[in-house]
Amino acid sequence: MTNTASIDSLNDILETLTDSKQGYEKAAEIADRDTFKDFFSRRATSRSAMSAAVRSEIIELGGTPENEGTILASAHRVFMGLSAALQDNDEAAIEAVETGEEHLRNKFEKALDNDDLTPSAKTLLRNYQGELRADGRLIDYLEEAAS
């Protein structure tokens, strides 16, 4: 249980949360239906709140929060734009956020499996795990609705 290990794990998650927020914003742009646009916009706001909490925990542990998402996510957002041009925008948006959310859930699980994570960091991540699972179920529902 070290602050350094927790800071590293939380910064990794922070980058992915930033990617998720930006992905949802892009999905809201390319979606056709207002219902989907609203859902994606609300999820972007949620990811922003999660990011703020993770940033606070990193600072509390004596670390410096990362400020940008990953290069891979930037490429993924470009792909989303190209994908939307080639297919139905709702389906492209849902497919993209579904992939991103699975990646985010995996990051959370990997971090929670880390024995070096501080108790406060584990509690923070566990508090958001349920929301991530619920979002996954909602995305599955949207996918069915778009078909």
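None of the values given here were measured: they were computed from a predicted structure.

Quick word on the packing of aromatic side chains
Applying the stated criterion to the full structure yields four aromatic pairs. Residues Y24 and F39 carry aromatic rings whose centres are separated by 6.5 Å and whose planes lie at 80° to one another, so their mutual orientation is edge-to-face. Here the residue Y24 occupies a position in helix α1 (residues 3-30), and F39 occupies one in helix α2 (residues 34-60), the gap between them amounting to 15 residues. The same class applies to Y24 as to F39, namely buried. Between F36 and F40 the ring centres are 6.5 Å apart and the planes differ by 50°, which places this aromatic pair in the tilted class. Taken together, the residues span about one helical turn, with F36 and F40 both in helix α2 at a distance of four residues. As far as burial versus exposure is concerned, F36 and F40 are alike and both buried. What links up through ring pairs into an aromatic cluster is the set Y24, F36, F39 and F40.

Details of the packing of α2 against helix α5 (residues 119-146)
Remark: α2 packs on α5, axes separated minimally by 12 Å, with the N-to-C direction vectors making an angle of 170°. On the basis of their axis angle, the class for α2 and α5 is roughly antiparallel. Note on element contacts: α5 touches α2 through S120, A121, L124, Y128, E131, L132, D135, L138, I139, L142, A145 and A146, opposite F36, F39, F40, R43, S46, R47, A49, M50, A53, V54 and E57. Looking at the contact of α2 with α5, its residues break down into 16 nonpolar, two polar and five charged.

A closer look at α5
Taking 1.5 Å of rise per residue, the 28 residues of α5 would be expected to cover 40 Å, and the 41 Å separating its terminal C-alpha atoms lies within 8% of that figure. Of all the bends in α5, the greatest measures close to 25° and is centred on Q129. Within α5, burial applies to A121, K122, L124, L125, Y128, Q129, L132, D135, G136, I139, L142 and A146. Elements in contact with the buried residues of α5: α1, α2 and α4 (89-112).

Regarding the environment of T45
Residue placement: T45 occurs in helix α2. Separated by 20 residues in the primary sequence, T45 and E25 place their C-alpha atoms 9.1 Å from one another.

Some remarks on the nonpolar core
It is characteristic of soluble globular proteins that their nonpolar side chains tend to be buried jointly. L10, I13, L17, V54, I58, F108 and L125 are the most contacted members of the largest nonpolar core, which totals 19 residues. Only α1, α2, α4 and α5 provide two or more residues apiece to this core. Residues in contact with L125, not counting those within four places in the same chain, are L10, I13, F108, A111, L112 and L117. In terms of nonpolar packing, the next biggest core, distinct from the first, is built from 16 residues, F36, A44, V97 and A146 among them.

Comments concerning the pattern of salt bridges
Under the counting rule described, the total for this entry stands at eight salt bridges. In this structure, E25 and K21 form a salt bridge, with 2.8 Å as the shortest nitrogen-oxygen distance. Here E25 and its partner K21 are both found in helix α1, four residues apart, which amounts to about one turn of the helix. By relative accessible area, E25 is classed as partly exposed at 33%. Where D135 meets R43, a salt bridge forms, and the shortest distance between an N and an O atom there is 3.3 Å. Residue D135 is located in helix α5, and its partner R43 is located in helix α2; the two are separated by 92 residues in the primary sequence.

Reading the values: the criteria
Residues numbered from 1 in each chain as written. Predicted model: local features only at pLDDT ≥ 70, side-chain atom pairs only at ≥ 80, totals over all residues. Heavy atoms only, no water. Phe/Tyr/Trp six-rings, centres within 6.5 Å; stacked < 30°, edge-to-face > 60°. Helix = DSSP H or I, 4+ residues; strand = E, 2+ residues; numbered from the N terminus. Buried < 20%, exposed > 50% of the residue type's maximum accessible area, 1.4 Å probe, protein only. Axes fitted to C-alpha atoms, helices over the stretch in contact; angles between N-to-C directions. Parallel < 35°, antiparallel > 145°, perpendicular 65-115°, else oblique. Contact = heavy atoms within 4.5 Å. Nonpolar A, V, L, I, M, F, W, Y, C, P; charged D, E, K, R; others polar. Expected span 1.5 Å × (residues − 1). Bend = angle between axes of the 7 residues up to and from the residue. Core = buried A, V, L, I, M, F, W, Y, C linked by side-chain atoms within 4.5 Å. Salt bridge = Lys/Arg side-chain N within 4 Å of Asp/Glu carboxyl O.

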